[in-house]
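# Architecture at a glance
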Amino acid sequence: MRREDLSDLTVFLAVADERSFTRAANKLGASQSALSQTIRRLEERLGVRLLTRTTRKVALSEAGERLMETVRPAFEAIATRLEALGDLRAKPAGTIRITAGDGAAETILWPALTRFLPDYPQVRVEIAVEQGLTDIVVERFDAGVRLGEQVAKDMVAVRIGPDLRMAVVGAAAYFATRAHPKTPYDLADHDCINLRFPTAGGLYAWEFGQGGRDLNVRVEGRLVFNNVPMIVQAATAGFGLACLPEDLVSAQLADGRLVRVLEDWCPPFAGYHLYYPSRRQQSAAFALLVEALRYRGATGD
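Each chain carries its own residue numbering, running from 1 in the direction its sequence is written. Local features are withheld for residues below a pLDDT of 70 in this predicted model, meaning they are given only at 70 or higher, and side-chain atom pairs are given and counted only at 80 or more; totals for whole chains, interfaces and linings count all residues. As a rule here, side-chain values come from all non-hydrogen atoms in the structure, and water together with hydrogens is ignored.

## Points about the overall build of the protein chain
From N to C terminus, the protein chain includes 9 helices and 14 strands. Viewed in the frame of its principal axes, the protein chain has a C-alpha envelope of about 110 × 35 × 35 Å. Categorising residues by exposure relies on relative accessible area from a 1.4 Å probe, with only protein chains included: less than 20% of the type maximum marks a residue as buried, more than 50% marks it as exposed, and the intermediate range marks it as partly exposed. Taking all 301 residues of the protein chain together, 39% fall into the buried category. The contact criterion used is simple: two residues touch if any of their non-hydrogen atoms lie within 4.5 Å. Counting contacts in the protein chain only where the partners sit at least 6 residues apart, residues at least 24 apart contribute 71% of the total. Here the open area of atoms and residues is found with the Shrake-Rupley method and a 1.4 Å probe, where only the protein chains shown may cover a residue. Of the accessible surface of the protein chain, which amounts to about 17,200 Å², a share of 51% is contributed by carbon and sulfur atoms. A helix here means a DSSP run of H or I that spans at least four residues, while a strand means a run of E at least two residues long, and both kinds are numbered starting from the N terminus.

## Some points on the packing of helix α2 (residues 21-28) against helix α3 (residues 32-46)
To get an axis, fit a line to the C-alpha atoms, keeping to the stretch in contact for a helix; angles then go from 0 to 180 degrees between the N-to-C directions. With their axes 9 Å apart at the nearest point, α2 and α3 run at an angle of 105° to one another. Considering their axes alone, α2 and α3 lie roughly perpendicular with respect to each other. In contact with F21, T22, A24, A25 and L28 of α2, α3 contributes Q32, L35, S36 and I39. When the residues that make up the contact of α2 with α3 are grouped by side-chain class, the tally is 6 nonpolar, 3 polar and no charged. Orientation labels follow simple angle bins: below 35 degrees gives roughly parallel, above 145 gives roughly antiparallel, 65 to 115 gives roughly perpendicular, and whatever is left gives oblique. Put simply, Ala, Val, Leu, Ile, Met, Phe, Trp, Tyr, Cys and Pro go in the nonpolar bin, Asp, Glu, Lys and Arg in the charged bin, and everything else, Gly too, in the polar bin.

## Section: the packing of aromatic side chains
Here a Phe, Tyr or Trp ring, Trp counted by its six-membered ring, pairs with any other such ring whose centre lies within 6.5 Å, and the pair is stacked when the planes are under 30 degrees apart, edge-to-face when over 60, and tilted otherwise. One pass over the full model with this rule turns up 4 aromatic pairs. Between the aromatic rings of Y174 and F175, the centroid separation amounts to 5.4 Å while the plane-to-plane angle is 80°, which identifies the pairing as edge-to-face. Among the residues examined, Y174 registers a relative accessible area of 5% and is labelled buried. Here F175 falls in the buried class, since its relative accessible area comes to 11%. When the ring of Y276 is compared with that of F286, the centres are 5.1 Å apart and the planes differ by 90°; the resulting orientation is edge-to-face. In this pair, Y276 is assigned in strand β14 (residues 272-277) and F286 in helix α9 (residues 284-293), connecting sequence segments 10 residues apart.

## Re unusual backbone geometry
Here R19, not a glycine, exhibits a phi torsion of approximately 55°, which is positive. Take R19: it is sitting in the loop between α1 (3-18) and α2. Although it is not a glycine, R140 sits at a positive phi angle of roughly 60°. Position of R140 relative to the elements: it lies in the loop between β4 (123-129) and β5 (143-147).

## A look at the sheet that holds strand β7 (residues 166-170)
Read from one edge of the open sheet, 3 strands run β12-β7-β13, paired in antiparallel fashion. Two strands bound the open sheet, and with one partner strand each, they are β12 (242-245) and β13 (259-261). Neighbour-to-neighbour, the strand axes of this sheet turn through a mean angle of 45°, independent of strand direction. Here β7 runs beside β12; their pairing, made up of 4 bridges, is antiparallel. Bridging across to β12, A167 finds its partner in L244. Here helix α7 (residues 228-236) sits on the sheet in contact with β7 and β12, set at roughly 130° to β12. Only when DSSP finds a minimum of two bridges between them are two strands counted as paired.

Written as structure tokens, this is what we have:
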């Protein structure tokens, strides 16, 4: 169907409803002559008379009645669907898929979702906890979470958490027989729990900095994990030192299960950011979740 057909049928329905070119013209914001020409053009195209005009009224012919019975339900169905789309804006719905590491999922995403989801019961969220760097376009995720320095330049990045610091920690029981390290070089005399990257397969080099100088240290120990929660458990149980983002061990530091060392060697770095393709067409649900996650602290974007 051509665009002109839809326009002509809209005019026909307006005249048929009002039984008057004058009232239909006022309703559509057009002139009576324009409406009359439109109806005449439609009748010529269909080869039948649709309206019977007199000086006092406009009536539907038999063909006009049949056309109205045919067209009316379709136009009403379209109006209903358009209203439904409006409801989606008022009541956001749909599924949002996000990939994130376990630290961001636990400390940022989950607390935000517990506040967000009760207000939007028709929104579904899937969180894929992965340690590696996922290609969100290839894997069809709506967004991902990474540290600020890891976000690609062609992505939109929204800060969702404060700056972070690494924390070197050990259990009080571990330090009962070991001196606290004073510098990163002292770690050579300690059992350290290593993290193996799940994608590249290498071991994480502990990162330090002081006075504008960066220092990466390869540590040794009896335990290696590719899972951060297991490293926390092993450190808490006294099997060695661990180097982890401080937000992942804040509870253990607060209640004394872990003790922090080398704090002055751990400078802050850009925290977690939600990222997604710049060309992405945002749904209402996604836009609302982005705002719910957006960090609004003193250093927030």
